[in-house]
Amino acid sequence: MIDGPSSLQSPQGHHNSSPKVRRGIGLALCERLLTEDDQIHLCLACRNMQRAKAARISLLSLHPAADISILQVNLGSLKSVCQAATEVKQRYRQVDFLYLNAGIMPNPCINLKVFLSGLFSRKVIHMFTTGEGLLTQKDQITDDGLQEVFETNVFGHFVLIRAIEPLLCHVDSPSQLIWTSSSNARKSAFSLLDYQHIQGQESYSSSKYATDLLSVALNRHFNQQIRIFTNSFTITPYNGAEALLWLFRQKPELLDPLLKYHSCTSGLGNNYVESRKMNLEEESSELFYQKLLELEKQTLKKLSESEEEYK
Ligand SMILES: NC(=O)C1=CN([C@@H]2O[C@H](COP(=O)(O)OP(=O)(O)OC[C@H]3O[C@@H](n4cnc5c(N)ncnc54)[C@H](OP(=O)(O)O)[C@@H]3O)[C@@H](O)[C@H]2O)C=CC1
Ligand SMILES: CC(C)=CCC[C@@H](C)[C@H]1CC[C@H]2C3=C(CC[C@]12C)[C@@]1(C)CCC(=O)[C@@H](C)[C@@H]1CC3
């Protein structure tokens, strides 16, 4: 099984030999999965090996008998994604659960006007749970020539899924693909004509809506995977992992691919999962899927040509 990257960081943010564990949803999920069943094999796919090792040590301190391995992957680099996929195919015959957890929101900037008017309106709870229209981000371009938020949150995952497809599609024991979206996903922030969100300033909202769209198309094409979402601004990573853990226990064939599963916390602090219909059309999901197949073809060709040049 592969988990999304763990969230670990040294106290000052730079990497040293013993980084402090920064607890994100990925690590909280691993802890909860092992508490549920410590016989599973966990593979932590992380971009930073120091943090991955520290995450492994932290998990082993709680579950000494656990079987945990690590793998390097930077989702913002197609070369790294392809190398990771090759490594996965060498190591495993099947992946039962693929949790796609990594997601970035670089340089967030709060719109104070929207925040203050939201604070004194009836939409205050909606604002705090979805952050709708509250934040803008400054995106940048990766070495692959793609928008960083799009490549990290969407395209890197997409290429990885497709590259390890043979390990996911076993007829007798289908795999589950669980992809973390957000309640910040917004249709109006996304455009099929600008799916990388080059022109706007809400790349995070756009990328999470793209995740929702893709999950529907992936489900249609593979019919074995499911998609998930972590709701609202999570008070703790433990709460944020609620829906992810709940999905671990579900039979995928009983889940509706047009629903999103939200991790929620009540006023009394109890966690629960709520499903809500996604605001999307299946035709758009298919169109987007086809566009990504085309982009994958182009970018992988460019990558292999540049690798040939360096030989
Ligand atoms: N926190 C919240 O309120 C909510 C979060 N979400 C979503 O949940 C997911 C996890 O969020 P959370 O735990 O809060 O966030 P964190 O920032 O704590 O964790 C995100 C993880 O993604 C990893 N990552 C970032 N970029 C890359 C990359 N290029 N390649 C590989 N891994 C990468 C980071 O690795 P590294 O340790 O190297 O930085 C980090 O471990 C995200 O997808 C987020 O969008 C959704 C709704 C609400
Ligand atoms: C300036 C003061 C006093 C408060 C600002 C609060 C915001 C920083 C905060 C309110 C709602 C939050 C939120 C998110 C980020 C931080 C807020 C805007 C997210 C956008 C984080 C990532 C997600 O995926 C969303 C679900 C969150 C929605 C709510």
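Everything quoted here is computed from the prediction, not taken from an experiment.

Another point: the overall build of the protein. The helix and strand tally for the protein stands at eleven helices and ten strands. Within the protein, the fraction of its 311 residues that count as buried is 52%. Per element, the accessible surface of the protein, about 15,500 Å² overall, is 52% carbon and sulfur.

Next up on the list: the nonpolar core. Nonpolar side chains tend to gather and get buried jointly when the protein is soluble and globular. Of all hydrophobic cores here, the largest spans 47 residues; its most connected members are Leu-98, Phe-150, Phe-155, Ile-161, Leu-214, Phe-288 and Leu-292. Every element with two or more residues in this core is listed here: strand E2 (41-46), helix H3 (78-91), strand E4 (97-100), helix H6 (148-163), helix H7 (165-168), strand E7 (176-182), helix H8 (203-222) and helix H11 (282-310). Those residues in contact with Ile-161, other than ones at most four positions away along the chain, are Leu-98, Leu-100, Leu-168, Leu-177, Trp-179 and Leu-218. Counting 30 residues, the second-largest nonpolar core is a separate cluster that includes Cys-30, Ala-52, Phe-248 and Leu-259.

Before going further, it helps to spend a moment on a nonpolar patch on the surface. A contiguous nonpolar surface patch, about 450 Å² in accessible area, is contributed by Ile-110, Leu-112, Leu-116 and Phe-120. Its location among the elements puts Phe-120 in the loop between helix H4 (112-119) and helix H5 (124-130). Since its relative accessible area comes to 71%, Phe-120 is described here as exposed.

Another aspect to go through is the confidence of the model for the protein. For the protein, per-residue confidence averages 89 on the pLDDT scale, and 90% of positions sit at 70 or higher. Under a pLDDT of 50 for its full length, residues 1-17 has, in the predicted model, 62 contacts with residues more than four places off or in other chains. Scoring the predicted complex yields pTM 0.92 and, for the interface, ipTM 0.97.

Turning to the packing of H3 against H6, a few remarks are in order. To characterise two packed helices, one gives the angle between the axes of the helices and the distance between these axes. One way to put it is that H3 packs onto H6 with a least axis distance of 9 Å and a crossing angle of 35 degrees. Handedness of the crossing formed by H3 with H6: right-handed. When H3 is examined against H6, the residues Leu-78, Val-81, Ala-85 and Lys-89 are found in contact with a partner set consisting of Glu-151, Phe-155, Gly-156, Val-159, Leu-160 and Ala-163. Tallied by class, residues from the contact of H3 with H6 come to seven nonpolar, one polar and two charged.

Further remarks concern H8. In this model, H8 (20 residues) spans 27 Å end to end at C-alpha, consistent with the 28 Å of a helix rising 1.5 Å per residue. Within H8, 18 of the 20 residues are buried, leaving the element largely enclosed by the surrounding structure. Two residues or fewer past H8, Asn-223 is found with a positive phi of approximately 55 degrees.

Another point: the side chain of Ser-263. One can find Ser-263 in strand E9 (residues 259-265). In this structure Ser-263 comes out as buried when scored by relative accessible area, which is 4%. Within the structure, the side chain of Ser-263 is placed 3.1 Å from the backbone oxygen of Gly-240, a separation counted as a polar contact. Polar side-chain contacts of Ser-263 include one of 2.9 Å to the backbone nitrogen of Ala-243.

Thresholds applied
- Residues numbered from 1 in each chain as written.
- Chains lettered and ligands numbered in written order.
- Predicted model: local features only at pLDDT ≥ 70, side-chain atom pairs only at ≥ 80, totals over all residues.
- Heavy atoms only, no water.
- Helix = DSSP H or I, 4+ residues; strand = E, 2+ residues; numbered from the N terminus.
- Buried < 20%, exposed > 50% of the residue type's maximum accessible area, 1.4 Å probe, protein only.
- Areas by Shrake-Rupley, 256 points an atom, 1.4 Å probe, with all protein chains shown as cover.
- Core = buried A, V, L, I, M, F, W, Y, C linked by side-chain atoms within 4.5 Å.
- Contact = heavy atoms within 4.5 Å.
- Patch = residues over 30% accessible without salt bridge, like charges linked within 9 Å, V, L, I, M, F, W, Y side chains within 5 Å.
- Salt bridge = Lys/Arg side-chain N within 4 Å of Asp/Glu carboxyl O.
- pLDDT = per-residue confidence, 0-100.
- Axes fitted to C-alpha atoms, helices over the stretch in contact; angles between N-to-C directions.
- Left-handed = near helix turned anticlockwise from the far one by under 90°.
- Nonpolar A, V, L, I, M, F, W, Y, C, P; charged D, E, K, R; others polar.
- Expected span 1.5 Å × (residues − 1).
- Polar contact = N/O pair within 3.5 Å; in protein donor to acceptor, adjacent residues only side chain to side chain.

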